[in-house]
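A closer look at the structure
This is what each chain is made of:
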Amino acid sequence: MAASMPQVSVCCISLILLFLASLCQGLYEDQIGKFDWKQEYVGEVSHLNFEGKRLLVGTKHNVVASLNARNGQIVWRQVLEEDSRGRIDALLVKDKIAITVSGNDHIRSWDVEYGGLNWEEPLDGAPDAPEAQACLMGSSQDTMVVLSAGKLLAFNVNGQELFRKVLPSSDGAIHKFLHCGRTEINVIGVVPNSHVSIATYSDSGNVQSQSPVPADWVKKDTRCLLIADGHLVCYEPQLSSLRTLALKKGQAFSTTLLQELGLQGQAVKLTSLNHRNMFVVQLSASHLALLSVGTDAVKLVLNLPKVSAVSVSSSGDIEDTLVTIGRQGTENAVIRCLNLKTLKEIPEISQEVHLAHHHGTPVGIQGFFFKKRDGSTGHRTVVLSEDQSIVMFQQGGKMSWIREEAISSILSVEMVDLPVSENQAKYEDEFGAQQDDIGTKFVKRLTTQLSQVKSFVVHLQQQLLKGPRHQYLEEDNEFNEDEELTRDEFSINKMIVAVTAPGKLFGIESSTGRIIWRHLLPALVPFERQGKQLLLLFVQRTTAHFPNPPQCAVLGRHKVSGHGLLYLFDPITGIPTAGTPAEGADTGYRVVQATTLGVTDDHHLKGLFILDAELKVHVYPEHVKGHVKAVQSTLFLFNADVNTGLITGYRIQEDIKTQSLHAVELWTINLPKETQTITNVVGKRPTEHVHSPGKPLADRSVLYKYLNPNLVAITAEGETEDSQQKVSGVLNIYLVDSVTGDMIFQASHKKARGPVHLVHTENWVVYNYWNEKNRRNEITVVELYEGTSQTNATVFSSLHPPPPPIVGRQSYILPHGISAMADTITEMGITAKSVLLAFTTGNVAEVSKFMLDPRRPLNPTMADREEGIPPYIPELLVAFEAMINYNQTVLKVHGIQTAAAGLESTSLSLVYGLDLFFTQVTPSRKYDVLKEDFDYFFISAVLIGMIVVSVVSQKLAARKALNRAWT
């Protein structure tokens, strides 16, 4: 009997586990990618190397990656630290090993084939030191030498440190340049307004010589470079001259004027070709000059007036080849290859290629040459453009693939409904034309229905001819102009309009992630606000107002003038509106604040409201100004100045003489810059819907929400010093009425630091921070209520506000740090809210607002249980099922954009950063649609059976009644 007990226990446990497994919620394999998609990127390329069939890149997003040279797909990718510690200062490749030097912090060795980390060693450098330099030395190039933050270090290929030397700093030299020979190392330091020091070390780290070279013209920011043969070249802008110095036997700099070389203008940039004694001077965006350094002076090798990028390529027995690229027209570019010995063009590999205008000017090029089996020379060419794209060209000029890396730098996103179909447009036209007679309406209805039948037949043909669905490659991710973009039944498929840091705009289809259109604004650069880059994107008119086309506006800063740059366009096609230049329009003034108005013109177009530095108000389009003047007494603005800490509110007033609008100061709040810095200013969405104005309580009363549409949440961070002179952070949060300047609520968190991310909607605010005292991530929720009585049930007025609100707040412990935060939004606001948290680990979690309730008690009462309020637990537990991206890790998230679908239960979410991830979120589950596994056959059979039974029963009952009547 005793022997059978373990078997019984095992059986019981197995049955329990089997029962629990049946209760688990998860994602079936065939559902992956059905409602979501993910795209991976590497960022703007700063280092590029060909390695056989691979392309090794290091990017400004702190990423080292390997790309397949055939299709551009990511073979492997390693994402380094977010801050300056992960900055890639150097990328070296040697015998299937890639070496990266990151931000004076680490040197790492990677396996080229699989991307695994072979070894890493600390450099222990200061993060604010000049960028680290690295080179390979020795006859077999097997020693890696690193110059980092005043130290000289050497490692072998196995990561063993050979020596570490601290460079002398008695003369205040800034060591910025490193040159490696076969047996010696040259370190060059710069002493501003004095001299340049050259120190020579042996391969064992011993000092061989030190010599200062007078250079009173050199500055801290003087542009200099080292070329391969051991010459230092600097550019002196005052004289437009090049200063050169031979490291081995040079005692003084020699000077060569650009005019002596036949070159006009100033040198914008100096670039080393890593080839003998040659380097490149950039005179403008499309004018380069190839120079060489001789024994006596600098010589002009080639003047390249229509060239924007150049490199030297060689492979095996292929001679050194100079590869250049330059624009030819707006849609093409010319790639020329020249033999460096003879300087003659190689016509069989020079070619004209198609490079669309939205890529801008090429800024980098790298060629890879190889011998084919028939003895001819084959080649591939990689082109980097100012829009951060990577384009691969094959021999013959055919484009192999393209990677739009600007998408990894998205700054603003909006989701716009697609237009109605042609048939729906006809219905809109039919019901919109009230002046037509009955005959005309009948003909229109007949034509519309015939068109519907035709569309249905065409759709059936397409479905029958459609092949099996396959996963498209990135080079196939192009939009066919013959395809029609129309709104689906539940308005789930939308147009994602994204504005990126390099000034490139994208239109992306939300259902597949395909790029529909692209447009580059070369002069557009972001604003700098709260230490962040910012480009403003406004939706002035949606597709709901047929036949008026939708319209969006992008507002940024002009690269040259510093004024505002405005671009108005159709978000569905990307085409600029009538009267808007393709490159955007210079506003002619510096932008201080901008927003859209609730006021629309007769064509449902919202006006764009811009405040300039002189407090003048500008309205776009101009004809909306008349509508604005009619309601100017109800228009208010505010501006938060990070540099001064002043928050200022304005009202709009018309100048009777000039009939222009300007802002008049109403109130000012001073957050002293000496003690705190404004980090976030977040208002409410102007389009959000609040379905329920209050919460029902257990005693059947209602706790009304404080729904102030003018409320703005502001966070400011500072530092304090205690009695023991220990510095700790302070986080302050303020809730301010932007119309009157009233401080509705404020709180201070001692020993807390950012980065702070904040969500502000309805009557609550959620924000996160780092608790220095307990060394953990925390999240706090603040809710505001009017009480059990509502002051005004129809409209909220800041000029006649209700009494001060009742404030409830609660904090919770988070399992991970947060990189972005957003709330879900639905069509009518009926569905319960959720907060989307993007963790630094790459997961995106959906946390119900039900769990972020400040009223959660430690010891629930009967009333709390009746209301369904869960008890308070300090830890915010996030289940694995709450991860909306399941195993699709999304790295370096910068933001989350949510939009409402046509289904009230569904909210659309786009997570953007280094990667893109799009999915549908249902906070209250899909209560308004049938499930996928709904048994239509069974329900239909039951209904048919019930109908048959009811008919038969009716017949039998009638016969029985008839028989009874006869008897």
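The structure reproduced in this document is the subject of the present report. Since we're looking at a predicted model, the values are computed, not measured.

About the thresholds
Residues numbered from 1 in each chain as written. Predicted model: local features only at pLDDT ≥ 70, side-chain atom pairs only at ≥ 80, totals over all residues. Heavy atoms only, no water. Pairing = 2+ DSSP bridges. Helix = DSSP H or I, 4+ residues; strand = E, 2+ residues; numbered from the N terminus. Axes fitted to C-alpha atoms, helices over the stretch in contact; angles between N-to-C directions. Phe/Tyr/Trp six-rings, centres within 6.5 Å; stacked < 30°, edge-to-face > 60°. Buried < 20%, exposed > 50% of the residue type's maximum accessible area, 1.4 Å probe, protein only. Disulfide = S-S within 2.5 Å. Core = buried A, V, L, I, M, F, W, Y, C linked by side-chain atoms within 4.5 Å. Salt bridge = Lys/Arg side-chain N within 4 Å of Asp/Glu carboxyl O.

1. Observations concerning the sheet that holds strand β67 (residues 916–921)
- The sheet built from four strands is open, its strands ordered β1-β67-β66-β65 with antiparallel pairing. Of all the strands in the sheet, the pair left with one neighbour each is β1 (37–39) and β65 (893–900). Sheet twist, expressed as the mean angle between neighbouring strand axes with direction ignored, is 15 degrees.
- In the sheet, strand β66 (residues 907–913) pairs with β67 via six bridges, with the strands oriented antiparallel. Pairing of Leu 910 across the sheet is with Phe 918, part of β67.

2. Observations concerning the packing of aromatic side chains
- One pass over the structure, following the stated rule, counts ten aromatic pairs.
- Between the aromatic rings of Tyr 767 and Tyr 769, the centroid separation amounts to 6.1 Å while the plane-to-plane angle is 35 degrees, which identifies the pairing as tilted.
- Relative accessible area serves as the criterion here: at 4%, Tyr 769 is assigned to the buried category.
- In textbook terms, an aromatic cluster arises when at least three aromatic residues are bridged by ring pairs, as seen for Trp 517, Tyr 567 and Phe 569.

3. Regarding the pairing of strand β13 (residues 161–166)
- Pairing between strand β12 (residues 151–156) and β13: five bridges, direction antiparallel. Within β13, the residue paired with Lys 151 across the bridge is Val 166.
- Here β12 folds back onto β13 in antiparallel fashion, the turn holding four residues, of which Gly 159 has a positive phi close to 90 degrees.

4. Concerning the state of the cysteines
- Considering all chains together, one arrives at two disulfides under this definition.
- The disulfide partner of Cys 135 is Cys 180, and the S-S distance across this bridge is 1.7 Å. Taken together, the residues Cys 135 in strand β10 (residues 133–137) and Cys 180 in strand β14 (residues 174–180) connect sequence positions 45 residues apart.
- Given a relative accessible area of 15%, Cys 180 falls into the buried group.
- Each sulfur in the disulfide pair Cys 224 and Cys 234 lies 2.1 Å from the other. Disulfide Cys 224-Cys 234: torsion about the S-S bond near 110 degrees, hence right-handed.

5. Points about unusual backbone geometry
- Following Tyr 620, the chain continues to Pro 621 via a peptide bond in cis, the omega torsion being -5 degrees.
- Turning to its location among the elements, Pro 621 is positioned in the loop between β47 (616–620) and α4 (625–630).
- Look at the link from Gly 754 to Pro 755: it is a cis peptide, with omega at 10 degrees.
- Its place among the elements puts Pro 755 in the loop between β57 (752–753) and β58 (758–761).
- A positive phi is found at Gln 659, a non-glycine position, where the angle reads about 55 degrees.
- Structurally, the position occupied by Gln 659 is in the loop between β49 (646–654) and β50 (661–670).

6. Notes on the sheet that holds strand β20 (residues 241–246)
- Read across the open sheet, the four strands follow the order β18-β19-β20-β21; overall the sheet is antiparallel. The open sheet terminates on both sides in strands that have one partner only, identified here as β18 (224–227) and β21 (254–257). Each strand axis lies, on average, 25 degrees off the axis of its neighbour in the sheet, ignoring direction.
- Inspection of the sheet shows β20 paired to β21 by four bridges, in the antiparallel sense. If you follow Leu 242 over to β21, its bridge partner there is Thr 256.

7. Considerations on the nonpolar core
- Core analysis: the largest hydrophobic core is formed by 21 residues, its most contacted members being Ile 407, Ile 496, Leu 910 and Leu 916.
- For this core, the secondary-structure elements that each account for two or more residues are β34 (410–417), β35 (494–500), β36 (504–509), β66 and β67.
- Met 495, Cys 552, Leu 565 and Tyr 567 belong to the second-largest nonpolar core, a separate cluster that totals 20 residues.

8. Description of the pattern of salt bridges
- Using the criterion set out here, one finds 34 salt bridges in the structure.
- Among the salt bridges present, the one from Glu 40 reaches Arg 77, with a minimum N-O distance of 3.9 Å. Taken together, the residues Glu 40 in the loop between β1 and β2 (45–51) and Arg 77 in strand β5 (residues 74–79) connect sequence positions 37 residues apart.
- Of the residues examined, Arg 77 reaches a relative accessible area of 17% and is grouped as buried.
- Lys 629 is paired through a salt bridge with Glu 654; the nearest N and O atoms lie 3.3 Å apart. With Lys 629 in helix α4 and Glu 654 in strand β49, the pair connects residues that are 25 residues apart, well separated along the chain.
- What makes Glu 654 partly exposed here is its relative accessible area of 25%.
- Because the salt bridges share partners, they merge into one network encompassing Lys 38, Glu 40, Arg 77 and Asp 915.

Scope: geometric values only; no functional claims are made or implied.
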